[in-house]
Amino acid sequence: MRKWFLGFCFLLFFNVQTAGYLRENVSLEELKEAGIPVEDFCKAGVEREEMDLYLTFWEDLVCFPAAGSCGEADSGFFFENTWKEERNYGGNRVHEGCDIFGEKSVSGYYPVVSMTAGVVEKIGWLPLGGWRIGIRSPGGGYFYYAHLSSYGAEFQEGDSVKAGEVLGFLGDSGYGEEGTTGKFPPHLHLGIYVRTEKTEEYALNPYPVLEFLQEEQKNFFY
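Calculation criteria
Residues numbered from 1 in each chain as written. Predicted model: local features only at pLDDT ≥ 70, side-chain atom pairs only at ≥ 80, totals over all residues. Heavy atoms only, no water. Helix = DSSP H or I, 4+ residues; strand = E, 2+ residues; numbered from the N terminus. Contact = heavy atoms within 4.5 Å. 1 Å grid on protein atoms, 1.4 Å probe; cavity = no way out; pocket = protein on both sides within 12 Å on 5 of 7 lines; lining within 4 Å. Points joined across faces, edges and corners; volume = space filled by probe spheres on them. Nonpolar A, V, L, I, M, F, W, Y, C, P; charged D, E, K, R; others polar. Core = buried A, V, L, I, M, F, W, Y, C linked by side-chain atoms within 4.5 Å. Buried < 20%, exposed > 50% of the residue type's maximum accessible area, 1.4 Å probe, protein only. Phe/Tyr/Trp six-rings, centres within 6.5 Å; stacked < 30°, edge-to-face > 60°. Pairing = 2+ DSSP bridges.

What follows concerns the environment of Pro-65. Inspection of the secondary structure puts Pro-65 in the loop between α3 (48–51) and β1 (77–79). The contact partners of Pro-65, leaving out residues within four places of it in the chain, are Ile-100, Pro-111, Val-112, Val-113, Met-115, Tyr-145, Leu-188, Leu-190 and Leu-210.

In this section: the layout of surface pockets. Reported here for the largest pocket is a volume of approximately 490 Å³. Listed by contribution, the elements that provide at least two residues to the lining of the largest pocket are β3 (93–94), β4 (98–102), β6 (118–126), β8 (142–151) and β11 (188–194). Per-class residue counts for the lining of the largest pocket are 10 nonpolar, five polar and eight charged.

Negative phi values dominate among residues other than glycine, just as trans dominates among peptide bonds. Unusually for a residue other than glycine, His-147 sits at a positive phi of about 70°. Relative to the helices and strands, His-147 resides in strand β8. Its identity is not glycine, yet Tyr-175 carries a phi of approximately 65°, on the positive side. Structurally, the position occupied by Tyr-175 is in the loop between β10 (166–170) and β11.

Turning our eyes to something else, we now look at the nonpolar core. Tyr-54, Phe-57, Met-115, Tyr-145 and Val-209 are the most contacted members of the largest nonpolar core, which has 41 residues in total. Contacts of Val-209, omitting those with residues within four sequence positions, involve Tyr-54, Phe-57, Trp-58, Leu-61, Met-115 and Ile-192. Residues Trp-83, Ala-146, Tyr-193 and Ala-203 belong to the second largest nonpolar core, which totals six residues.

Moving on: the packing of aromatic side chains. In total, this model carries 15 aromatic pairs according to the counting rule given. When the ring of Trp-58 is compared with that of Phe-212, the centres are 4.9 Å apart and the planes differ by 45°; the resulting orientation is tilted. With Trp-58 in the loop between α3 and β1 and Phe-212 in helix α4 (residues 207–215), this pair connects stretches of sequence that are 154 residues apart. For Phe-212, a relative accessible area of 15% corresponds to the buried category. An angle of 70° between the planes, with centres 5.0 Å apart, marks the rings of Tyr-175 and Phe-184 as edge-to-face.

Turning our eyes to something else, we now look at the pairing of strand β7 (residues 130–136). Here β7 lies mainly inside the structure; six of its seven residues are buried. Taken together, the seven bridges between β6 and β7 define a ladder with antiparallel strand orientation. Directly across from Lys-122, in β7, lies its bridge partner Gly-134. The turn linking β6 back onto β7 is made up of three residues. In terms of strand pairing, β7 meets β8 through five bridges, oriented antiparallel. Bridge pairing links Ile-135 to Phe-143 in β8. Here β7 folds back onto β8, and the loop between the two strands holds five residues, one of which, Gly-140, carries a positive phi near 115°.

Have a look at this one:
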């Protein structure tokens, strides 16, 4: 009787484990069908349980957030996976975003465009982010564009924007009181946040999103 009971427990455990494995694989297939490049996300260090959160805004994505200048179709942008690296301005913290640099290290040269359609949720100066603007996409993703040199229009909270619309220009504002510039090379800091049951702002790594958009050549020129 004891051997029969142990055998039954083993089969039950095996079936539960197998069912869990199959469910995870089905979920991964669903992510792939939705367009999520699962392998690239894994390489970027995105945890399996976080991948589902990208579905919040995945269908909203249209274009790379930094645009080239007309007549320079070969102008490029570069960025690295610096997710959660240590930062020390304003106290010890970690990097909740991805920094995008242009070939020309000139403030105000490259347009910053909205990756999605959406609504302006936040705008104005932050000591850390400088001139920034935050766009909430239709699916609920919050896209934070920081260190702008200036804005592309007189945006107000509640304004609607289109995907590809110029939000401002890549710059070097921030790390000080309003108007502070020049404390770091010009770049765009991009942050992506979603709402969860536990928090209003759950930070996600933008790096694999930017890789996807750049590889798909969903970029604009002005």
